[in-house]
Amino acid sequence: MKPSHIEHIGIAVTNLGNAISFYEKVLGLTCYNTEEVADQKVKTAFFMVGETKLELLESTDPEGPVGKFIEKRGEGVHHIAFSVEKIEELLEHAEKMGVKLIDKSPRKGAEGLDIAFLHPKSTSGVLIELCENKKGSYSKNQ
Ligand code: CMX
């Protein structure tokens, strides 16, 4: 049941274009996908770094989770996402262990993954996302 790897690190940014430019021009990475996730009120941009992605997040609504985060804390690391195989089982286990769940069951996130968040107040201050790729194909080479 344990995570196989860090699927992505989510970084909250105020301007997606400027942030993409930094990762491309300074670090030499390539943005391979951009996507709006209306449900989460964000526009996202993805980079592959080895087996791990970076997910840049620009808010589309000041009342959305990333809009509120930036208002309160400014730009920066927003969440860490772990790749898991049986997301429902892990959520059930976490809840039994007393962890506050943001999502009691998975929902659809960027890149078609099933995702669910654990509340940062239960996780030493880090917003944790669990991700399962039920399509079975790993999107690293998109
Ligand atoms: N990391 C750590 N702590 C966070 C946090 C984050 N990303 N976001 C909020 N917090 C903290 C706040 O600082 C605040 O702490 P204090 O009470 O000590 O000040 C506390 O959590 C409550 O924050 P809030 O501003 O009142 O925000 P809400 O309770 O309304 O929402 C949260 C917080 C985590 C429940 C909400 O942001 C959420 O549901 N997040 C999950 C969805 C998400 O983040 N989606 C965007 C990414 C989508 C994607 O990857 O595709």
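Residues numbered from 1 in each chain as written. Predicted model: local features only at pLDDT ≥ 70, side-chain atom pairs only at ≥ 80, totals over all residues. Heavy atoms only, no water.

Peer 1: I'd like a description of helix α1 (residues 16-26), backed by residues and values.
Peer 2: Along α1, the residues that are buried comprise Leu-16, Ala-19, Ile-20 and Tyr-23. Along the long axis of α1, the arc covered by the buried residues comes to 100°, so they all point the same way. In α1, the exposed positions angled more than 90 degrees off the buried face are occupied by Asn-18, Lys-25 and Val-26. Next to the buried residues of α1 lie β1 (5-13), β2 (31-37), β3 (42-49) and β4 (52-59). The N-cap residue of α1 is Asn-15: its side-chain oxygen and the backbone nitrogen of Gly-17 are 3.0 Å apart. Of the residues one or two after α1, Gly-28 is the one with positive phi, at around 75°. (Buried < 20%, exposed > 50% of the residue type's maximum accessible area, 1.4 Å probe, protein only. Helix = DSSP H or I, 4+ residues; strand = E, 2+ residues; numbered from the N terminus. Arc of directions from axis to C-beta. Contact = heavy atoms within 4.5 Å. Polar contact = N/O pair within 3.5 Å; in protein donor to acceptor, adjacent residues only side chain to side chain.)

Peer 1: Please give an account of the nonpolar core that cites residues and values.
Peer 2: General note: in soluble globular proteins, nonpolar side chains tend to be found buried as a group. Among the nonpolar cores identified, the biggest contains 12 residues, and these are Ile-11, Val-13, Leu-16, Ala-19, Ile-20, Tyr-23, Leu-29, Cys-31, Ala-45, Phe-47, Leu-54 and Leu-56. For this core, the secondary structure elements donating two or more residues are β1, α1, β3 and β4. Of all the elements, α1 adds the most residues to this core, at four residues. Residue contacts for Ile-11: discarding those within four places in its chain leaves Tyr-23, Leu-54, Glu-55, Leu-56, Leu-57, Gly-76, Val-77 and His-78. Counting residues in each nonpolar core, the second largest holds 11 residues, with Tyr-32, Val-42, Leu-57 and Ala-110 among its members. (Core = buried A, V, L, I, M, F, W, Y, C linked by side-chain atoms within 4.5 Å.)

Keep in mind that these numbers describe shape and distance, not what the molecule does.
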